[in-house]
Amino acid sequence: MLEYGLRFLAGGIAVSAFAALGDTLRPKSFAGLFGAAPSIALATLLITLSRKGAPFVAMEGRSMIVGAFALAAYSWTVCVLLKKFLLSSWAATMAALVIWFAIALGVSVALFRFP
Amino acid sequence: MIVQFKLSAIRQTRWHEYLVRFVLNGAMTIVAGLIAARFGPVIGGLFLAFPAIFPASDLDRKACPGTQGESGPAGSAPRQGSRGARCRRSGAWKFRIGGFRPRDLADDRAVFCRGPRPRGGVVARRRGARMAGAATAVEG
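Please read these numbers as outputs of a predicted model, since none were measured by experiment.

Analysis parameters
- Residues numbered from 1 in each chain as written.
- Chains lettered and ligands numbered in written order.
- Predicted model: local features only at pLDDT ≥ 70, side-chain atom pairs only at ≥ 80, totals over all residues.
- Heavy atoms only, no water.
- Helix = DSSP H or I, 4+ residues; strand = E, 2+ residues; numbered from the N terminus.
- Buried < 20%, exposed > 50% of the residue type's maximum accessible area, 1.4 Å probe, protein only.
- Contact = heavy atoms within 4.5 Å.
- Areas by Shrake-Rupley, 256 points an atom, 1.4 Å probe, with all protein chains shown as cover.
- 1 Å grid on protein atoms, 1.4 Å probe; cavity = no way out; pocket = protein on both sides within 12 Å on 5 of 7 lines; lining within 4 Å.
- Points joined across faces, edges and corners; volume = space filled by probe spheres on them.
- Nonpolar A, V, L, I, M, F, W, Y, C, P; charged D, E, K, R; others polar.
- pLDDT = per-residue confidence, 0-100.
- Expected span 1.5 Å × (residues − 1).
- Arc of directions from axis to C-beta.
- Salt bridge = Lys/Arg side-chain N within 4 Å of Asp/Glu carboxyl O.

### Some details on the overall build of chain A
Point 1. Secondary structure assignment for chain A yields six helices and one strand.
Point 2. Counting from the amino terminus, helix and strand elements in chain A follow one another as α-β-α-α-α-α-α.
Point 3. Expressed as a percentage of the 115 residues in chain A, the buried residues total 47%.

As C-alpha coordinates, then:
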(Lines give C-alpha, C1' and ligand atoms only; values in the text may rest on other atoms or scores of the structure.)
Protein backbone atom coordinates (compact mmCIF):
# COMPACT_ATOMS: atom_id res chain seq x y z
CA MET A 1 0.00 0.00 0.00
CA LEU A 2 2.86 2.33 0.90
CA GLU A 3 4.44 1.60 -2.47
CA TYR A 4 1.34 2.70 -4.34
CA GLY A 5 1.02 5.79 -2.19
CA LEU A 6 4.60 6.68 -3.10
CA ARG A 7 3.85 6.06 -6.75
CA PHE A 8 0.82 8.35 -6.59
CA LEU A 9 2.83 11.16 -5.01
CA ALA A 10 5.86 10.74 -7.26
CA GLY A 11 3.77 10.49 -10.43
CA GLY A 12 1.63 13.49 -9.58
CA ILE A 13 4.61 15.64 -8.64
CA ALA A 14 6.69 14.65 -11.68
CA VAL A 15 3.92 15.32 -14.18
CA SER A 16 2.86 18.56 -12.52
CA ALA A 17 6.47 19.73 -12.51
CA PHE A 18 6.89 19.02 -16.22
CA ALA A 19 3.57 20.69 -16.99
CA ALA A 20 4.57 23.77 -14.96
CA LEU A 21 7.91 23.88 -16.75
CA GLY A 22 6.06 23.74 -20.07
CA ASP A 23 3.88 26.64 -18.93
CA THR A 24 6.83 28.86 -18.14
CA LEU A 25 8.79 28.36 -21.33
CA ARG A 26 8.37 30.29 -24.55
CA PRO A 27 7.94 29.70 -27.42
CA LYS A 28 5.28 27.07 -26.97
CA SER A 29 6.67 25.01 -29.84
CA PHE A 30 9.68 24.38 -27.56
CA ALA A 31 7.66 23.97 -24.37
CA GLY A 32 5.64 21.21 -26.03
CA LEU A 33 8.69 18.96 -25.80
CA PHE A 34 7.99 18.62 -22.09
CA GLY A 35 4.57 17.16 -22.89
CA ALA A 36 6.42 14.08 -24.07
CA ALA A 37 8.63 13.78 -20.99
CA PRO A 38 8.70 10.27 -19.50
CA SER A 39 7.23 11.47 -16.24
CA ILE A 40 5.57 8.21 -15.17
CA ALA A 41 8.78 6.32 -15.84
CA LEU A 42 10.88 8.80 -13.89
CA ALA A 43 8.49 8.56 -11.00
CA THR A 44 8.31 4.80 -10.80
CA LEU A 45 11.52 3.25 -12.11
CA LEU A 46 13.47 3.97 -8.93
CA ILE A 47 10.72 2.49 -6.78
CA THR A 48 10.52 -0.58 -9.04
CA LEU A 49 14.30 -0.96 -9.00
CA SER A 50 14.40 -1.02 -5.22
CA ARG A 51 11.47 -3.43 -4.96
CA LYS A 52 11.89 -5.85 -7.84
CA GLY A 53 15.47 -5.60 -8.98
CA ALA A 54 17.36 -4.73 -12.14
CA PRO A 55 16.12 -7.52 -14.50
CA PHE A 56 12.49 -6.45 -14.01
CA VAL A 57 13.37 -2.79 -14.67
CA ALA A 58 15.43 -3.77 -17.73
CA MET A 59 12.43 -5.54 -19.26
CA GLU A 60 10.24 -2.55 -18.49
CA GLY A 61 12.80 -0.28 -20.13
CA ARG A 62 12.76 -2.42 -23.26
CA SER A 63 8.98 -2.13 -23.44
CA MET A 64 9.25 1.60 -22.87
CA ILE A 65 11.06 1.90 -26.21
CA VAL A 66 8.02 0.39 -27.92
CA GLY A 67 5.79 2.67 -25.87
CA ALA A 68 7.83 5.67 -27.01
CA PHE A 69 7.26 4.78 -30.67
CA ALA A 70 3.55 4.44 -29.91
CA LEU A 71 3.70 7.86 -28.25
CA ALA A 72 5.24 9.36 -31.39
CA ALA A 73 2.43 7.90 -33.50
CA TYR A 74 -0.09 9.12 -30.94
CA SER A 75 1.29 12.66 -31.06
CA TRP A 76 1.22 12.72 -34.84
CA THR A 77 -2.38 11.44 -34.84
CA VAL A 78 -3.45 14.13 -32.38
CA CYS A 79 -1.91 16.79 -34.61
CA VAL A 80 -3.71 15.45 -37.66
CA LEU A 81 -7.04 15.21 -35.83
CA LEU A 82 -6.69 18.78 -34.64
CA LYS A 83 -5.45 20.30 -37.84
CA LYS A 84 -7.18 18.34 -40.57
CA PHE A 85 -10.38 17.29 -38.83
CA LEU A 86 -10.69 20.27 -36.47
CA LEU A 87 -11.68 18.12 -33.49
CA SER A 88 -11.63 19.61 -30.03
CA SER A 89 -8.40 18.88 -28.19
CA TRP A 90 -10.13 16.68 -25.62
CA ALA A 91 -11.76 14.56 -28.35
CA ALA A 92 -8.51 14.36 -30.33
CA THR A 93 -6.35 13.30 -27.40
CA MET A 94 -8.88 10.72 -26.28
CA ALA A 95 -9.57 9.31 -29.77
CA ALA A 96 -5.86 8.99 -30.51
CA LEU A 97 -5.41 6.72 -27.50
CA VAL A 98 -6.77 3.96 -29.74
CA ILE A 99 -3.69 4.41 -31.92
CA TRP A 100 -1.42 4.28 -28.89
CA PHE A 101 -2.95 1.04 -27.64
CA ALA A 102 -2.96 -0.54 -31.10
CA ILE A 103 0.70 0.23 -31.81
CA ALA A 104 2.00 -0.44 -28.30
CA LEU A 105 0.26 -3.79 -27.91
CA GLY A 106 0.65 -4.81 -31.55
CA VAL A 107 4.39 -4.18 -31.68
CA SER A 108 4.88 -5.82 -28.28
CA VAL A 109 3.11 -8.96 -29.44
CA ALA A 110 5.16 -8.99 -32.65
CA LEU A 111 8.53 -8.34 -31.01
CA PHE A 112 8.27 -10.03 -27.65
CA ARG A 113 5.88 -12.86 -28.54
CA PHE A 114 3.59 -11.76 -25.77
CA PRO A 115 1.60 -13.37 -24.17
CA MET B 1 14.50 30.44 -31.86
CA ILE B 2 15.07 32.23 -28.56
CA VAL B 3 13.88 30.27 -25.56
CA GLN B 4 12.44 32.42 -22.79
CA PHE B 5 11.58 31.52 -19.22
CA LYS B 6 8.48 33.32 -18.00
CA LEU B 7 7.85 32.54 -14.35
CA SER B 8 4.72 34.67 -14.20
CA ALA B 9 2.99 32.18 -16.48
CA ILE B 10 2.69 29.79 -13.52
CA ARG B 11 0.40 32.23 -11.76
CA GLN B 12 -1.93 32.21 -14.76
CA THR B 13 -2.62 28.54 -14.20
CA ARG B 14 -5.39 27.98 -11.71
CA TRP B 15 -4.86 25.79 -8.68
CA HIS B 16 -7.54 23.31 -9.71
CA GLU B 17 -5.73 22.72 -12.98
CA TYR B 18 -2.65 21.64 -11.05
CA LEU B 19 -4.87 19.52 -8.82
CA VAL B 20 -6.43 17.77 -11.82
CA ARG B 21 -3.01 17.09 -13.32
CA PHE B 22 -1.69 15.81 -10.01
CA VAL B 23 -4.61 13.47 -9.34
CA LEU B 24 -4.96 12.18 -12.90
CA ASN B 25 -1.31 11.44 -13.35
CA GLY B 26 -0.81 10.10 -9.84
CA ALA B 27 -3.66 7.70 -10.53
CA MET B 28 -2.13 6.76 -13.88
CA THR B 29 1.17 6.00 -12.16
CA ILE B 30 -0.63 3.67 -9.77
CA VAL B 31 -2.42 1.99 -12.69
CA ALA B 32 0.93 1.50 -14.46
CA GLY B 33 2.29 -0.15 -11.32
CA LEU B 34 -0.77 -2.40 -10.99
CA ILE B 35 -0.52 -3.44 -14.64
CA ALA B 36 3.17 -4.29 -14.21
CA ALA B 37 2.35 -6.37 -11.12
CA ARG B 38 -0.54 -8.17 -12.81
CA PHE B 39 0.70 -8.66 -16.40
CA GLY B 40 4.47 -8.52 -15.94
CA PRO B 41 7.20 -6.10 -16.98
CA VAL B 42 6.66 -6.39 -20.76
CA ILE B 43 3.15 -4.95 -20.70
CA GLY B 44 3.88 -2.88 -17.60
CA GLY B 45 6.79 -1.18 -19.33
CA LEU B 46 4.54 -0.01 -22.14
CA PHE B 47 2.47 2.00 -19.71
CA LEU B 48 5.56 3.82 -18.46
CA ALA B 49 5.44 5.60 -21.81
CA PHE B 50 1.71 6.21 -21.63
CA PRO B 51 0.78 9.73 -22.78
CA ALA B 52 -0.74 10.71 -19.45
CA ILE B 53 0.54 14.28 -19.37
CA PHE B 54 -0.93 15.00 -22.77
CA PRO B 55 -4.70 14.75 -22.16
CA ALA B 56 -4.31 16.28 -18.71
CA SER B 57 -2.53 19.28 -20.20
CA ASP B 58 -5.52 19.92 -22.42
CA LEU B 59 -7.57 20.87 -19.44
CA ASP B 60 -5.91 24.23 -19.11
CA ARG B 61 -7.51 27.37 -20.41
CA LYS B 62 -4.58 29.38 -21.64
CA ALA B 63 -4.33 30.79 -25.08
CA CYS B 64 -1.22 31.45 -27.10
CA PRO B 65 1.33 34.19 -26.50
CA GLY B 66 0.63 37.36 -28.34
CA THR B 67 -3.12 36.92 -28.32
CA GLN B 68 -5.83 38.38 -26.16
CA GLY B 69 -6.46 35.16 -24.32
CA GLU B 70 -3.09 34.82 -22.69
CA SER B 71 -3.46 37.45 -20.06
CA GLY B 72 -7.22 37.11 -19.84
CA PRO B 73 -8.61 40.53 -20.66
CA ALA B 74 -11.33 41.78 -18.38
CA GLY B 75 -14.71 40.31 -19.12
CA SER B 76 -13.50 37.67 -21.54
CA ALA B 77 -12.97 34.12 -20.46
CA PRO B 78 -10.82 32.14 -22.87
CA ARG B 79 -12.63 29.18 -24.35
CA GLN B 80 -12.31 26.05 -22.20
CA GLY B 81 -10.08 23.50 -23.61
CA SER B 82 -7.17 23.93 -25.56
CA ARG B 83 -5.90 26.55 -27.71
CA GLY B 84 -2.81 26.91 -25.53
CA ALA B 85 -2.49 23.16 -25.44
CA ARG B 86 -2.76 22.97 -29.21
CA CYS B 87 0.08 25.42 -29.55
CA ARG B 88 2.17 23.60 -26.99
CA ARG B 89 1.45 20.31 -28.69
CA SER B 90 3.10 21.47 -31.86
CA GLY B 91 6.47 21.04 -30.17
CA ALA B 92 5.89 17.43 -29.21
CA TRP B 93 7.29 16.11 -32.47
CA LYS B 94 9.73 17.36 -35.01
CA PHE B 95 9.51 15.20 -38.06
CA ARG B 96 7.77 15.46 -41.36
CA ILE B 97 5.38 12.54 -41.75
CA GLY B 98 2.96 12.05 -44.59
CA GLY B 99 3.34 15.53 -45.97
CA PHE B 100 2.26 17.11 -42.68
CA ARG B 101 4.98 19.37 -41.33
CA PRO B 102 5.44 21.10 -38.00
CA ARG B 103 5.75 24.27 -40.02
CA ASP B 104 2.12 23.83 -41.03
CA LEU B 105 1.20 24.00 -37.38
CA ALA B 106 3.33 27.07 -36.86
CA ASP B 107 1.59 28.76 -39.76
CA ASP B 108 -1.81 27.91 -38.40
CA ARG B 109 -1.03 28.74 -34.82
CA ALA B 110 -2.40 32.22 -35.16
CA VAL B 111 -5.62 30.79 -36.53
CA PHE B 112 -5.85 28.27 -33.72
CA CYS B 113 -5.26 30.90 -31.11
CA ARG B 114 -7.62 33.52 -32.36
CA GLY B 115 -11.20 33.52 -31.16
CA PRO B 116 -13.70 30.68 -31.49
CA ARG B 117 -13.14 27.96 -34.04
CA PRO B 118 -14.65 28.82 -37.44
CA ARG B 119 -17.64 26.81 -38.58
CA GLY B 120 -17.39 24.23 -41.33
CA GLY B 121 -18.85 26.59 -43.93
CA VAL B 122 -16.38 29.32 -43.10
CA VAL B 123 -13.50 26.86 -43.34
CA ALA B 124 -14.75 25.62 -46.72
CA ARG B 125 -15.07 29.18 -48.01
CA ARG B 126 -11.55 30.02 -46.84
CA ARG B 127 -10.16 26.92 -48.51
CA GLY B 128 -12.04 27.78 -51.70
CA ALA B 129 -10.67 31.30 -51.64
CA ARG B 130 -7.15 30.00 -51.04
CA MET B 131 -7.44 27.54 -53.93
CA ALA B 132 -8.84 30.22 -56.20
CA GLY B 133 -5.94 32.48 -55.26
CA ALA B 134 -3.45 29.71 -55.96
CA ALA B 135 -5.07 28.99 -59.34
CA THR B 136 -4.89 32.64 -60.21
CA ALA B 137 -1.23 32.76 -59.23
CA VAL B 138 -0.46 29.72 -61.37
CA GLU B 139 -2.35 31.11 -64.32
CA GLY B 140 -0.75 34.52 -63.87
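That was the structure; now back to the text.
### Looking at the overall build of chain B
Point 1. What chain B contains, in helices and strands, is seven helices and one strand.
Point 2. Along chain B, helices and strands appear, N-terminal first, in the series β-α-α-α-α-α-α-α.
Point 3. Counting all 140 residues of chain B, 41% fall into the buried class.
Point 4. Summarising the internal contacts of chain B: among those between residues at least 6 apart in sequence, 53% fall at separations of at least 24.
Point 5. Of the roughly 8000 Å² of accessible surface on chain B, 61% is carried by carbon and sulfur atoms.

### A look at empty space enclosed by the protein
Point 1. Applying the stated criterion across every chain yields a total of three cavities of 30 Å³ or more.
Point 2. Approximately 40 Å³ is the volume attributed to the second largest cavity.
Point 3. In this structure, the second largest cavity is lined by Arg-7, Thr-44, Thr-48 and Glu-60 of chain A together with Ala-32, Gly-33, Ala-36, Gly-44 and Leu-48 of chain B.
Point 4. Elements with a contribution of two residues or more to the lining of the second largest cavity: α3 (39-52) of chain A together with α2 (15-39) of chain B.
Point 5. Broken down by element, the lining of the second largest cavity gets its largest block of residues, three residues, from α2 of chain B.
Point 6. Tallied by class, residues from the lining of the second largest cavity come to three nonpolar, four polar and two charged.

### Description of the confidence of the model for chain B
Residues and elements named next belong to chain B.
Point 1. Confidence in the prediction for chain B averages 61 pLDDT; 37% of positions are at 70 or higher.
Point 2. Between the elements of chain B, mean pLDDT differs from a low of 46, seen in helix α6 (residues 102-113), to a high of 88, seen in helix α3 (residues 41-46).
Point 3. In the model, residues 60-84 has pLDDT below 50 throughout and makes 46 contacts with residues more than four positions away in sequence or in other chains.
Point 4. pLDDT under 50 marks residues 87-115. Its contacts with residues more than four places away, or in other chains, come to 67 contacts.
Point 5. Scoring the predicted complex yields pTM 0.59 and, for the interface, ipTM 0.79.

### What to know about helix α6 (residues 97-112) of chain A
Structurally, the α-helix is built with 3.6 residues per turn, so residues lying three or four positions apart point the same way.
Point 1. If you check α6 of chain A, its first and last C-alpha atoms are 22 Å apart, about what 16 residues at 1.5 Å a residue would give, namely 22 Å.
Point 2. Residues of α6 of chain A that are buried include every one of Leu-97, Trp-100, Ala-104, Ser-108 and Phe-112 of chain A, and no others. On an axial view of α6 of chain A, the arc spanned by its buried residues comes to 55°, and they lie on one face. Summarising the geometry of α6 of chain A, the exposed residues directed more than 90 degrees from the buried face are Val-98 and Ala-102 of chain A.
Point 3. Those residues of α6 of chain A that are buried are in contact with α4 (54-83) and α5 (89-95) of chain A together with α3 of chain B.
Point 4. Phi turns positive, to about 50°, at Arg-113 of chain A, one or two residues after α6 of chain A.

### Looking at the environment of Leu-97 of chain A
Point 1. Note that Leu-97 of chain A resides in helix α6.
Point 2. On a C-alpha basis, the gap between Leu-97 of chain A and Leu-71 of chain A in space is 9.2 Å, while along the polypeptide they are 26 residues apart.

### What about the pattern of salt bridges?
Point 1. According to the stated counting rule, one finds three salt bridges over all chains in the structure shown.
Point 2. Across the pair Asp-23 of chain A and Arg-21 of chain B runs a salt bridge whose closest N-O atoms are separated by 3.5 Å. One end of the pair, Asp-23 of chain A, is in helix α1 (residues 2-24); the other, Arg-21 of chain B, is in helix α2, on a second chain. A single burial state applies to Asp-23 of chain A and to Arg-21 of chain B, both of which are buried.

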